[in-house]
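# Structural overview
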Amino acid sequence: TRLRRWSADASDRVGEPVAGRVRNISRRGVGLAHDDRLERGPVLMEFEPDGGQPLQFLADVLWCELQESGSYTSGAKLLELVSPSHAQPAVTAGAR
């Protein structure tokens, strides 16, 4: 998984991509493990499934915690499928 800080204003997109691993995923959220701290707020997530086409989602990082190992875990709410545009989203923004 790659994550990049995201803003609706393209000039406000900052930071280098952060590599991470998916710990768990549901229809509305994702738990991640990564080496770099993430700030709360919107990010662009790119999942690269084995042998599949990358999927990009907008997500909102809700929390990030330092672990005893020195790495971080975080949780994010999935907001919107960005690409591929022909994919059927599991949940649309605002759905319950």
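All figures in this text were calculated on a predicted structure; none of them were measured in a lab.

## Concerning the pattern of salt bridges
Under the criterion given, the structure shown has one salt bridge. Salt-bridge contacts for Arg-37 lead to Glu-39; the nearest nitrogen and oxygen are separated by 3.7 Å. A relative accessible area of 46% places Arg-37 in the partly exposed class.

## Quick look at the pairing of strand β6 (residues 72-83)
For strand β3 (residues 29-34) and β6, the ladder comprises six bridges, and the chain directions are antiparallel. Counterpart to Gly-29 in the pairing with β6 is Lys-77. Here strand β5 (residues 55-66) runs beside β6; their pairing, made up of ten bridges, is antiparallel. Bridge pairing in β6 places Cys-64 opposite Ser-74.

## What about the nonpolar core?
Core analysis: the largest hydrophobic core is formed by 15 residues, its most contacted members being Val-30, Met-45, Ala-59, Ala-76 and Leu-78. Put simply, the parts of the chain that give this core at least two residues each are β3, β4 (41-47), β5 and β6.

## Describing the packing of aromatic side chains
Here the structure, examined in full by the defined rule, presents one aromatic pair. Both rings, one in Phe-47 and one in Phe-57, keep their centres 5.8 Å apart while their planes meet at 75 degrees; by these two values the pair is edge-to-face. Of this pair, Phe-47 sits in strand β4 while Phe-57 sits in strand β5; the two residues are ten residues apart in sequence, bridging distant segments of the chain. Taking relative accessible area as the criterion, Phe-47 reaches 9% and is therefore assigned buried. Assessed through its relative accessible area of 18%, Phe-57 is described here as buried.

## Quick word on the pairing of β3
Taking burial as the measure, the six residues of β3 include six buried ones, the bulk of the element. A two-sided burial pattern is seen for β3, the buried positions comprising Gly-29, Gly-31 and Ala-33 on one face and Val-30, Leu-32 and His-34 on the other. Pairing geometry for strand β2 (residues 18-25) and β3, over five bridges, is antiparallel. Residue pairing for β3: Arg-21 is matched across the bridge by Ala-33. Linking two consecutive strands that pair antiparallel, namely β2 and β3, is a turn of three residues.

Rules and cut-offs
- Residues numbered from 1 in each chain as written.
- Predicted model: local features only at pLDDT ≥ 70, side-chain atom pairs only at ≥ 80, totals over all residues.
- Heavy atoms only, no water.
- Salt bridge = Lys/Arg side-chain N within 4 Å of Asp/Glu carboxyl O.
- Buried < 20%, exposed > 50% of the residue type's maximum accessible area, 1.4 Å probe, protein only.
- Pairing = 2+ DSSP bridges.
- Helix = DSSP H or I, 4+ residues; strand = E, 2+ residues; numbered from the N terminus.
- Core = buried A, V, L, I, M, F, W, Y, C linked by side-chain atoms within 4.5 Å.
- Phe/Tyr/Trp six-rings, centres within 6.5 Å; stacked < 30°, edge-to-face > 60°.

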